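Letter by letter, the chains look like this.
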Amino acid sequence: MRYLVEADIHSNLEALQAVMTHAESQGGFDSIWCLGDIVGYGADPNACLTLLRSYPLAAVSGNHDLAAIDAVSIVKFNQHAKEAILWTREQLTSEHREFLASNPLRREEDGVTLLHGTPSDPVWAYFLPQMMTSSDVAENFGQINTRSCLVGHSHIPFICLEDGAQFLGLQPGQKKMLAQARCVVNPGSVGQPRDGDPRASYALYDADTDTFVHHRVDYDIEAAQAKITAAGLPDILASRLAVGR
Ligand code: ZN
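Just so it is clear, the model here is predicted, and its values are computed rather than measured. (Residues numbered from 1 in each chain as written. Predicted model: local features only at pLDDT ≥ 70, side-chain atom pairs only at ≥ 80, totals over all residues. Heavy atoms only, no water.)

Asker: Give a detailed account of the packing of helix α1 (residues 13-25) against helix α2 (residues 45-53), specifying residues and quantitative values.
Answerer: In contact at an axis separation of 9 Å, α1 and α2 are set at 20° when each is read in the N-to-C sense. In terms of orientation, α1 and α2 fall into the roughly parallel class. Seen from above, α1 lies across α2 with left-handed handedness. Between α1 and α2, the contacting residues are L13, L16, Q17 and M20 on the first element and A47, C48, L51 and L52 on the second. Taken together, the residues of the contact of α1 with α2 break down into 7 nonpolar, 1 polar and no charged. (Axes fitted to C-alpha atoms, helices over the stretch in contact; angles between N-to-C directions. Helix = DSSP H or I, 4+ residues; strand = E, 2+ residues; numbered from the N terminus. Parallel < 35°, antiparallel > 145°, perpendicular 65-115°, else oblique. Left-handed = near helix turned anticlockwise from the far one by under 90°. Contact = heavy atoms within 4.5 Å. Nonpolar A, V, L, I, M, F, W, Y, C, P; charged D, E, K, R; others polar.)

Asker: Which residues make up the side chain of H153, and what are the values?
Answerer: With respect to the secondary-structure elements, H153 resides in the loop between β6 (148-150) and β7 (158-161). One polar contact links H153 to N63, side chain to side chain, over a distance of 3.5 Å. One polar contact links the side chain of H153 to the main-chain carbonyl oxygen of W124, over a distance of 2.9 Å. Discounting chain neighbours no more than four positions away, the residues touching H153 are D8, N63, H116, G117, V123, W124, A125, Y126, N186 and R194. (Polar contact = N/O pair within 3.5 Å; in protein donor to acceptor, adjacent residues only side chain to side chain.)

Asker: Please provide a residue-by-residue account of the coordination of the zinc ion, values included.
Answerer: Distances from the zinc ion to its protein donors, D8 (OD), H10 (NE2), D37 (OD) and H155 (NE2), fall at 2.1 to 2.5 Å. Positions of the donor residues of the zinc ion along the chain correspond to the pattern D-x1-H-x26-D-x117-H. Of the two residues, H10 is situated in the loop between β1 (2-6) and α1 and D37 in the loop between β2 (31-34) and α2; the sequence distance between them amounts to 27 residues. The exposure class assigned to H10 is buried, which follows from its relative accessible area of 1%. D37 gets classed as buried once you look at its relative accessible area, which sits at 1%. (Donors = N, O, S within 2.8 Å, 3.2 Å for Na, K, Ca; no water. Buried < 20%, exposed > 50% of the residue type's maximum accessible area, 1.4 Å probe, protein only.)

Asker: Account for the packing of aromatic side chains, naming residues and giving values.
Answerer: Applying the stated criterion to the full structure yields 7 aromatic pairs. When the ring of F29 is compared with that of Y55, the centres are 5.3 Å apart and the planes differ by 45°; the resulting orientation is tilted. Of this pair, F29 sits in the loop between α1 and β2 while Y55 sits in the loop between α2 and β3 (57-59), and the two are 26 residues apart along the sequence. Of the residues examined, F29 reaches a relative accessible area of 14% and is grouped as buried. Note on F158 and F167: the rings are 5.5 Å apart at their centroids and 50° apart in plane angle, and the pair reads as tilted. Since its relative accessible area comes to 5%, F158 is described here as buried. What makes F167 partly exposed here is its relative accessible area of 23%. Grouping aromatic residues by their ring pairs yields a cluster made of Y3, W33 and Y205. (Phe/Tyr/Trp six-rings, centres within 6.5 Å; stacked < 30°, edge-to-face > 60°.)

Asker: Could you give an account of helix α8 (residues 235-243), with specific residues and numbers?
Answerer: Within the span of α8, buried status applies to L237, A238, R240 and L241. The arc that holds every buried residue of α8, seen down its axis, measures 165°, which confines them to one face. Where the residues of α8 are buried, they touch α4 (79-91) and α7 (221-230). Looking one or two residues past α8, G244 carries a phi angle of roughly 65°, positive in sign. (Arc of directions from axis to C-beta.)

Structure representation (structure tokens):
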């Protein structure tokens, strides 16, 4: 089975479409693994959900998904994120709302754990070196039953190896055997990258060969920005897409 691994789509339809097209050009996929935050920030929550749900899909909830269905409070969000969540709540169809409510916080698929934040706190915590001591990393590895775990939330692509709590960057085209060493991997964000590279970020995972490949894809950033502006969402949510921060 081949999986398209997507995190933090954040209602960015142009980025999502570009990722789908690119994934097809790389040999295609049988199913999608979605690591949460399908909605929030961008202007196309329903269209992104409709597109994703037209494929076989295993998704987990992110903090924005839960806030958009009023399942968690928005007090922890910054002002721009709050505005986008309140707008998204008004847009979501009842069918998409029910879908978001049906997703678990974590799941195991084909020997891999999927979740949004960290194994200890899948909704809010960030799996990032500046947020964790090496004993935090060890504790988090203790809470997964699989060799590897895929996460989102920080919008930064990385691999963290359990051995030595080492964080390594992920480069486009880089291949990784997930079962070789216990690891937590973030494929980066489809719809709002924050590592200084504005291209949409995702991965393909072939479970038969245990091969995970990271990819970056250009997309029509100006079209996504124009929709954010037209929706009356905060300008910063449009401008940041151009710089990938
Ligand atoms: Zn996010």
